[in-house]
Amino acid sequence: MAFAKEEVVALAMKVMADEQAADNGVKLMDDDGSEGEEEEAAADPVNLLLFGGSEEPESDLAGWAPTGSSALTAHVDPAPPPLSATAEDVPGECKRKPTGRYVLAANRADEKDGLSREISQEPKAKVTYRVTGWVSVDGGPDGGHPVRVEVRSGEGSGFGGGVVLAEAGKWAEIKGAFRVDDQPRRAEVYVHGPPAGVDIKVMDLRVCAVDRVARLRHLRKKTDKVRKRDVVLKFNPSAADAVNGASIRVVQVDNAVPIGACICKAAVQNPAFVDFFVKHFNWAVLENELKWYYTEANQGQVSYADADELIAFCDRHKKPVRGHCIFWAVENSVQPWVRALNPGQLKAAVESRIRSLVSRYNGKFPCYEVNNEMLHGSFFRQRLGDDIDAHMFRETAAIDPAPALFVNDYNVENANDPNATPEKYVALITDLQKRGASVGGIGVQGHVTLPVGDVICDALDKLAATELPVWITELDVSVADEALRADDLETVLREAFAHPAVEGIMLWGFMQGHMWRDHGQLLNADGTLSEAGRRFVGLRTEWTSHARGKVDGDGNFKFRGFHGKYVVELAAGAGGKVRRAFDVQKGDAPLVLDMNL
């Protein structure tokens, strides 16, 4: 976010003037996580699949039952997979070293055939549970097959679960989550998914309540390491005597991590929407107004009027805008006249779209999402060949080389979509790069349901191996229960903010009536904050550093603060004040700044 020094000082003066009223009644996060977290009992990590409380059943088939035509047998793998190496070693996680003992479901005649096991302890209502274990397959055509773990009631209704692509001869870690609204009389896990004739292997399946308290404590420590830095404000020696013992005040006016939201033409007509947006977000993205189907609904009738109006709104409020999106790979998101074109006409239309949009906004957008959701759609690739996606990147960069060009897709962080695993996303990016595409960032949309912290973190870790910046581009959570919505939102926000690869977070709406998903609002239709809204404002406050004190005898003032823009105010003689602006950037060593008076 580009501020002149004068604007930074002006912002700081406003923060200082409004400081006492700034929290609007919102309590700050405490040291252990969300408001009042220290009073919350930590979740019990006991495995709900155990019988008699033992990790060593009398038989490896104990509790398992075949479904459909499956036949079950017990086996031992002499070379079990290693426990996944992770920096996220948090007490209470549902993890154990693999035992090597597994159950094989053979003779499967349908993808619904597999094996099931009753959850021996009733899951508690409104508690998030983690499902984890190891799976593999035998037989069938080469390539991975989706193995699904579904958690369902005795009546057959599903609560959640997970899916992973498993390959013959390899163990894949399966991850999932579920939550029940009302406590069921009976619940079970059900493993199935591959086509008929493919055997399923299941090792060490576990179901445990998520230890939210331990996770949040861990994330606060990680955030301090990743997003903060020690700072020394050093006043020049000639003025040391004059400033010794002087009162000093440091105010952060902007966080280095962009936290933004999507906007639309209707929403910015609402004063409550605009007020919340301006106060709490520092970036924007247009929800629909830049998409091809919006700017050229009818062939040859191109209009950027609504996009220009929203961009002008953002300019007035000094909010940078992400370019979303040049193309959309999913066929049902492509307007009818484009779908009707023959290949030659389509190629010409693609070239025209790139020239029209990118030339018009040359130098305007810091980043573009070039072809949205390529893991889930292949409209252009099917008609114009495998190189067309990379061509879009190359041509965009040729017209405007400045923006970072992003891929963008959904479900990558959820462990519930075999089409959108982190591994598949990395393979897509690698292929684009081999074809000459300048991929500058990875968009993880974040339309989440039942988020689990370590599952999100594992996905981010895998994407971070590309050494590309990651943005959460379209974050929303949809839960009717306000308390659960707030918890789920906090889960994703804290995981993203604590991860060193994440360089920006965008919410996909925040006000009731102006959101793609229901039950996701931070701001109710009447302008009041929901519980999720209060949690969000509290987190934004927690992630902002202010400091007060006295200059020491050496002319120094030390504090630890979040990366971002600051103003320091020093009491001067005769009741005057001196203000200076400065930036705190990433770095391991303390930042020493000379404050020239």
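Explain the packing of aromatic side chains to me, please; I cannot follow it from the model alone.
Pairs of aromatic rings are described using the distance from one ring centre to the other and the angle between the two planes. Summed over the entire model, instances satisfying the criterion amount to 27 aromatic pairs. Relative to F327, the ring of W292 has its centre 5.5 Å away and its plane inclined at 85°; by these criteria the two rings are edge-to-face. With W292 in helix α5 (residues 292–295) and F327 in strand β15 (residues 321–328), this residue pair connects regions lying 35 residues apart in the sequence. Ring centres of F559 and Y566 lie 5.7 Å apart, and the angle between their planes is 55°; on these two criteria the pair is classed as tilted. Taking the relative accessible area as the measure of exposure, F559 reaches 9% and is therefore buried. Feature note: the residues F273, F276, F277, F281, F313, F510 and F536 constitute an aromatic cluster, connected by ring pairs. Cation over ring: R152 sits above Y190, and NZ or CZ is 3.9 Å from the ring centre. The ring of F562 is capped by K228, whose NZ or CZ atom sits 4.9 Å from the centre of that ring.

Would you take a moment to explain the pattern of salt bridges for this structure?
Should the charged atoms of two oppositely charged side chains come close, the side chains can pair. Inspection of every chain in the model, using the stated rule, returns 36 salt bridges. For the salt bridge of D224 with K228, the shortest nitrogen-to-oxygen distance reads 3.7 Å. Exposure remark for D224: the relative accessible area of 28% places this residue in the partly exposed category. Put simply, R535 and E490 hold a salt bridge, and the shortest N to O gap is 2.6 Å. Within this pair, whereas R535 is found in helix α14 (residues 531–542), its partner E490 is found in helix α13 (residues 482–498), the two being separated by 45 residues in sequence. For R535, a relative accessible area of 9% puts it in the buried group.

Reading the values: rules and limits
- Residues numbered from 1 in each chain as written.
- Predicted model: local features only at pLDDT ≥ 70, side-chain atom pairs only at ≥ 80, totals over all residues.
- Heavy atoms only, no water.
- Phe/Tyr/Trp six-rings, centres within 6.5 Å; stacked < 30°, edge-to-face > 60°.
- Helix = DSSP H or I, 4+ residues; strand = E, 2+ residues; numbered from the N terminus.
- Buried < 20%, exposed > 50% of the residue type's maximum accessible area, 1.4 Å probe, protein only.
- Lys NZ or Arg CZ within 6 Å of the ring centre and 35° of its normal.
- Salt bridge = Lys/Arg side-chain N within 4 Å of Asp/Glu carboxyl O.

Just distances and angles here, no functional claims.
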